[in-house]
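# Commentary on secondary and tertiary structure
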Amino acid sequence: MQDTQTYPDSLGRFGPFGGRYVPETLMSALHQLESDYERLSIDTRFQEELQYYLKNYSGRPTPLYYAERFSRELGGPKIYLKREDLNHTGAHKINNAIGQALLAVHTGKRRVIAETGAGQHGVATATVAARFGLECTVFMGEEDMRRQALNVFRMRMLGANVVSATAGSRTLKDATNEAIRHWVEHVEDTYYIIGSVVGPHPYPRIVRDFQRVIGDETKAQILAAESRLPDKILACVGGGSNAIGIFYPFIPDKKVALVGVEAAGKGVDTQYHAASINRGRPGVLHGSYTYLLQDEFGQVLPAHSISAGLDYPGVGPEHAWLHQIGRAQYVPITDAEALSAFYLLSKSEGIIPALESAHALAQAVKEAQTMDKHDVLVICLSGRGDKDVEEIARQNRGVEYESN
Amino acid sequence: MNRIEGVFRKQTQHSALIPFLNAGDPSLDISLQLFRSVLQAGADIVEIGIPYSDPLADGPVIQASATRSLKSGFQFPQVFDLAQALRSESDQGLVAFTYINPLLQYTLERFFADAKSAGIDGVIVPDLPYEESGPVLQVADRNGIALIPLVALTSGEQRIIDICRSARGFVYCVSSLGVTGERTRMSERVRELVERVQSHTSLPVAVGFGVSTPEQAQYLSAFADGVIVGSALIRRIEAALHQNPNAPVNILQATVQEFVKILVQGLTHPVPPKQFPPRI
């Protein structure tokens, strides 16, 4: 196996995946970003500043919490939750938003743009833009604005301009298209804060580097708690930033099984899912060669998931590669399975998870069957579920409220 | 010599006019008639857009046109039927415009073989920068089809040199002229860009993206070898369709022909304007 820790290569490739398939107008900006990032990633002052904000602004390190009652419910391994939901703004997205906002500040950009699906990355970007005095525009699919109205309100409260993407399926894919188009027009004074490990090189690397803090902390915490590494790590995968963040430091530890959970929507054999690795083929989406959902002639197919954050027809190129070389395994979880895990964690631990993270929890329900009580399982609880409560209530027409 | 370079050379009266339309908008048959009309009205080369679900480099007008085409049932291989029909009756240049993903899914070998037998002379891939173009260029060259590269206002000197070195057919300068309040400065930058590119290549240099009026085309013709007009043309088709969604094909043909003729007139006008004229 190639040394996964030194990837991507200088062309932005993870094996055959990745690269830079974007309009020429953006190429100079990407090269500039690459060299700025090379410089700042080893700049002590920049790194100290980053650590300062992660600690004092976002509240890191986040706990690694032993979910005793949830473990007992499942009757299998000891389950630990990496509590990214306890970050400022309620999800892991802030780790990357702080890092990239600092990149914008250090490279003299006063305007930032972002795309968002569930709204978590949009909220994180609006938040750091407010903190660093940057003008902020967030692109969001019209359908997602409806599903995540609360987050739209939060972003506007934070002073961001929220622009709806009305083309295509009106979700994350289309918001990303609009953000890239806007960047093409304003590339000379605008920094694009991409929210996941997707997009053209160097973004998948930059976002991974800013998210690896999840895995670095997890490793130290599990060693302190259990004096050993976990047997398995589970994380949900849309674009895949929380998953790569927790996986990356464990890639050389071959005994730790890494499992990414894709959204299977109404089922991977229906047209309504977002399982890019399980049901897609390699191709180019948003500047990167990776797995994506597409028809015979390469038209991108709309994804579906109950969770807006996983509702994306592509996946980060590093995940495509980890899948290809067999270092990580990618499995599907349906809307219904995720919903039932959502309730299970809420009721057994008093922690309401984001619907995205509920996919990883649902996979734990399955994995627990074949694991032993001496096994240790870590789940990345990427975000909290407050944003989803309204949509779930609407879907249930209040049934759950009344019966409980 | 590729037919494209020949077309530029043959056009000695004025800059070459290169209109863009999407294949299949509003239907495959009607789009074929519209391409015919454009060629008859004086286009030197036509750019045949292959509709894509996620056209990152296109503005709202061309996006909407691609959506209409896909909704009408357009499928990728039909572009070869369309090109073949045009080739059988015209010696003008035929250039396909496609995003990289559909091209990769069709496979490079099959795409360039089919393009060659359909009489397509060149291909533009707006999301394939120089760094990623190697494998595509190789197959294109083997089939004698020009991979036409793009150069932008943001491209540095060394990139321009590298891009020009492997350029085929012509070099496409992205003008991005629509930035509000910066027209004068932007127009100067476009002229500078075209002249810089010309100093690094003997190929023709054409300008496109955001050329919306005959006056603008005329301004560009003072220094560019070719002018590409897409959205402005499609907007006129859209307007006609808006008035009557089932507009008879001859109405649409008359619409595009009229506009192309005005553009040609603009290009032959003796005195180009000194400054970049505003959009309408």
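The preceding data block contains the structure.
What counts as what
For every chain, the first residue of the written sequence is number 1, and numbering continues from 1 along that sequence. Labels follow written order: the first chain is A, the first ligand is 1, and so on. Where local features are concerned, this predicted model is filtered to residues with pLDDT of at least 70; where side-chain atom pairs are given and counted, the filter is 80 or more; whole-chain, interface and lining totals use all residues. Water and hydrogen atoms were dropped before computing side-chain values, which therefore reflect all heavy atoms in the structure. Where helices and strands are cited, they refer to DSSP runs of H or I of at least four residues and of E of at least two residues respectively, numbered from the N terminus. Exposed residues in this analysis have more than 50% of their type's maximum accessible area, buried residues have under 20%, and partly exposed residues fall in between, with area computed by a 1.4 Å probe over protein chains only. Contacts are assigned to residue pairs with any non-hydrogen atoms lying within 4.5 Å of each other. Throughout, the Shrake-Rupley method with a 1.4 Å probe supplies accessible areas, and for residues the shown protein chains are the sole cover considered. Here Asp and Glu are counted as negative and Lys and Arg as positive; His is not counted, and neither are the chain ends. The atoms used to mark charge sites are NZ of Lys, CZ of Arg, CG of Asp and CD of Glu. Taken over C-alpha atoms, the radius of gyration is set against a globule rule of 2.2 Å times the number of residues to the power 0.38. Aromatic contacts are taken between Phe, Tyr and Trp rings whose centres are within 6.5 Å, Trp giving its six-membered ring; a plane angle under 30 degrees counts as stacked, one over 60 as edge-to-face, and the others as tilted. We call a charge positioned over a ring when the NZ of a Lys or the CZ of an Arg lies within 6 Å of the ring centre and within 35 degrees of the ring normal. The rule is simple: put a 1 Å grid over the protein atoms alone, call a set of points where a 1.4 Å probe fits but cannot get out a cavity, call an open set with protein on both sides within 12 Å along at least five of seven lines a pocket, and count a residue as lining if it has an atom within 4 Å of a point. Grid points are joined across faces, edges and corners, and a volume is the space filled by probe spheres set on the points. The nonpolar class holds Ala, Val, Leu, Ile, Met, Phe, Trp, Tyr, Cys and Pro. Asp, Glu, Lys and Arg form the charged class, and all remaining residues, Gly among them, are polar. For our purposes a nonpolar core is just a set of buried Ala, Val, Leu, Ile, Met, Phe, Trp, Tyr and Cys residues, chained together by side-chain atoms within 4.5 Å. The quantity reported as buried area is the accessible area (1.4 Å probe) lost by two parts once they are put together, taken as the sum for both. The salt bridge definition used is simple: a Lys or Arg side-chain nitrogen within 4 Å of an Asp or Glu carboxyl oxygen. Simply put, an axis is a line fit to the C-alpha atoms, just over the touching stretch for a helix, and the angle between two N-to-C directions goes from 0 to 180 degrees. For any pair of crossing helices, the crossing counts as left-handed if the nearer helix is rotated counterclockwise from the farther one by less than a right angle, and right-handed if it is rotated clockwise.

So, about the overall build of chain A. Scanning chain A from N- to C-terminus turns up 17 helices and 14 strands. Dimensions along the principal axes, computed over C-alpha positions, put chain A at roughly 55 × 45 × 45 Å. Across the 404 residues that make up chain A, the buried fraction comes to 65%. Intrachain contacts of chain A at a sequence separation of at least 6 include 74% that bridge at least 24 residues. Counting every atom, chain A has about 14,200 Å² of accessible surface; 50% of that belongs to carbon and sulfur. Taken together, the 42 basic and 48 acidic charged side chains of chain A have centroids lying 3 Å from each other.

This part covers the overall build of chain B. In terms of regular secondary structure, chain B is built from 12 helices and nine strands. Taken over the C-alpha trace, chain B has a radius of gyration of 17 Å; the compact-globule value for 280 residues is 19 Å, and the two agree within 12%. For chain B, the spread of C-alpha atoms along the three principal axes comes to 45 × 40 × 35 Å. Of all 280 residues assigned to chain B, the portion counted as buried reaches 61%.

Okay, the packing of aromatic side chains next. Counting across every chain of the model gives 23 aromatic pairs over all chains. Centroid distance Phe20(B) to Phe97(B): 5.3 Å. Interplanar angle 85 degrees. Geometry classified as edge-to-face. Placement of the pair is Phe20(B) in strand 1 (residues 16-22) and Phe97(B) in strand 3 (residues 93-97), with a sequence separation of 77 residues. Phe20(B) sits in the buried class, given a relative accessible area of 4%. Classification of Phe97(B) as buried rests on a relative accessible area of 3%. Between Phe76(B) and Phe80(B), the aromatic rings sit 6.3 Å apart at their centres with planes inclined by 75 degrees, giving edge-to-face as the arrangement. We classify Phe76(B) as buried; its relative accessible area is 1%. Connected via pairs of aromatic rings, a cluster forms that spans Phe76(B), Phe80(B), Tyr106(B), Phe111(B) and Phe112(B). Sitting above the plane of the Phe132(A) ring, Arg131(A) keeps its charged end 5.2 Å from the centroid. The side chain of Arg208(A) reaches across the aromatic face of Tyr248(A), ending 4.0 Å from its centre.

A few words now on the layout of surface pockets. Residues and elements named next belong to chain A. Of the pockets and cavities examined, the second largest pocket occupies roughly 360 Å³. Considering the residues around the second largest pocket, the lining is formed by 19 residues, among which Gln271, Leu301, Pro302, Ala303 and His304 are closest to the centre. Along the lines of polarity and charge, the residues of the lining of the second largest pocket split into seven nonpolar, seven polar and five charged.

Right, let's talk about the nonpolar core for a bit. Across soluble globular proteins, nonpolar side chains have a tendency to be buried as a group. Ranked by size, the top nonpolar core spans 162 residues in total, and within it Ile48(B), Phe111(B), Phe112(B) and Phe170(B) carry the most contacts. Not counting residues within four places of it along the chain, the set of residues in contact with Phe112(B) comprises Leu103(B), Val123(B), Val136(B), Val139(B), Ala140(B), Asn143(B) and Ile145(B). Grouped together as the second largest cluster of nonpolar side chains are 33 residues, Tyr80(A), Val207(A), Phe247(A) and Ile277(A) included.

At the junction of the two partners, chain B supplies 36 residues and chain A supplies 33 residues. Here chain B meets chain A over a buried area of about 2,700 Å², counting both sides, of which 49% is carbon and sulfur. When residues of chain B are sorted by the area they lose upon contact with chain A, Leu56(B), Gln105(B) and Glu132(B) head the list and together hold 24% of the total. Counting across the interface, chain B meets chain A through four salt bridges.

Residue and element names in this part refer to chain B. Between helix 2 (residues 28-40) and helix 4 (residues 78-87), the shortest axis-to-axis distance is 10 Å and the interhelical angle comes to 35 degrees. The chirality of how helix 2 crosses helix 4 is right-handed. On helix 4, the residues touching Leu28, Ser31, Leu32, Phe35, Arg36 and Leu39 of helix 2 are Gln78, Leu82, Ala85 and Leu86. Within the contact of helix 2 with helix 4, the residues separate by chemical class into seven nonpolar, two polar and one charged.

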